[in-house]
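Understanding the architecture of this molecule
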Amino acid sequence: VQLQAFGGGLVQAGGFLTLSCSASGRTFSNYIIGWFRQAPGKEREFVAGITWIGDRSNYADSVKGRFTISGDNAENTVYLQMNSLKPEDTAVYYCAAGTSRLNKLWVVKGSYDYWGQGTQVTVSS
């Protein structure tokens, strides 16, 4: 199983970026895909999650209304559209795959079996 996250970069506050998570190596129909982020000196935190079939999604309060998670099953890719970016969104962003069906567990790093490498997002003020 391989997850590849890409699309990070440097953007000014108020700008936007779209991250992509490409998944391969197995069938993900029973999986959820989550996006996490980790800022320097901080714990890795949940950002957003979506079921592979796209029937449910969940967001951290800090990104609600600004970030949108979506998937393209045909491309085996999950996207994180990030709008109205703030300096505090600066972090390394990771995508992960897990099988928990309970939304409340999506925020738990241990609920995920596979992780991709991170992609750096830097928001300048």
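First, a word on what this report is: a plain description of the structure on this page. Quantities reported herein were computed from a predicted structural model and do not represent experimental measurements.

1. Overview of the nonpolar core
Counting 37 residues, the largest nonpolar core has Trp35, Leu80, Met82 and Tyr93 as the members making the most contacts within it. Within the residue set of this core, elements represented by two or more residues are strand 1 (2-6), strand 3 (17-24), strand 4 (32-38), strand 5 (45-51), strand 7 (67-72), strand 8 (77-82), strand 9 (91-98) and strand 11 (119-124). Leaving out residues up to four positions away in the same chain, Met82 has contacts with Gly15, Phe16, Leu17, Leu19, Arg66, Phe67, Tyr93 and Val121.

2. As for the state of the cysteines
Under the criterion given, the structure shown has one disulfide. With a sulfur-sulfur separation of 2.2 Å, Cys21 is cross-linked through a disulfide to Cys95. Judged by the sign of its S-S torsion, about 75°, the cystine formed by Cys21 and Cys95 is right-handed. Taken together, the residues Cys21 in strand 3 and Cys95 in strand 9 connect sequence positions 74 residues apart. Across the pair, Cys95 and Cys21 agree in class, each one buried.

About the thresholds
Residues numbered from 1 in each chain as written. Predicted model: local features only at pLDDT ≥ 70, side-chain atom pairs only at ≥ 80, totals over all residues. Heavy atoms only, no water. Core = buried A, V, L, I, M, F, W, Y, C linked by side-chain atoms within 4.5 Å. Buried < 20%, exposed > 50% of the residue type's maximum accessible area, 1.4 Å probe, protein only. Helix = DSSP H or I, 4+ residues; strand = E, 2+ residues; numbered from the N terminus. Contact = heavy atoms within 4.5 Å. Disulfide = S-S within 2.5 Å.

Any functional reading would require information beyond the geometric quantities listed.
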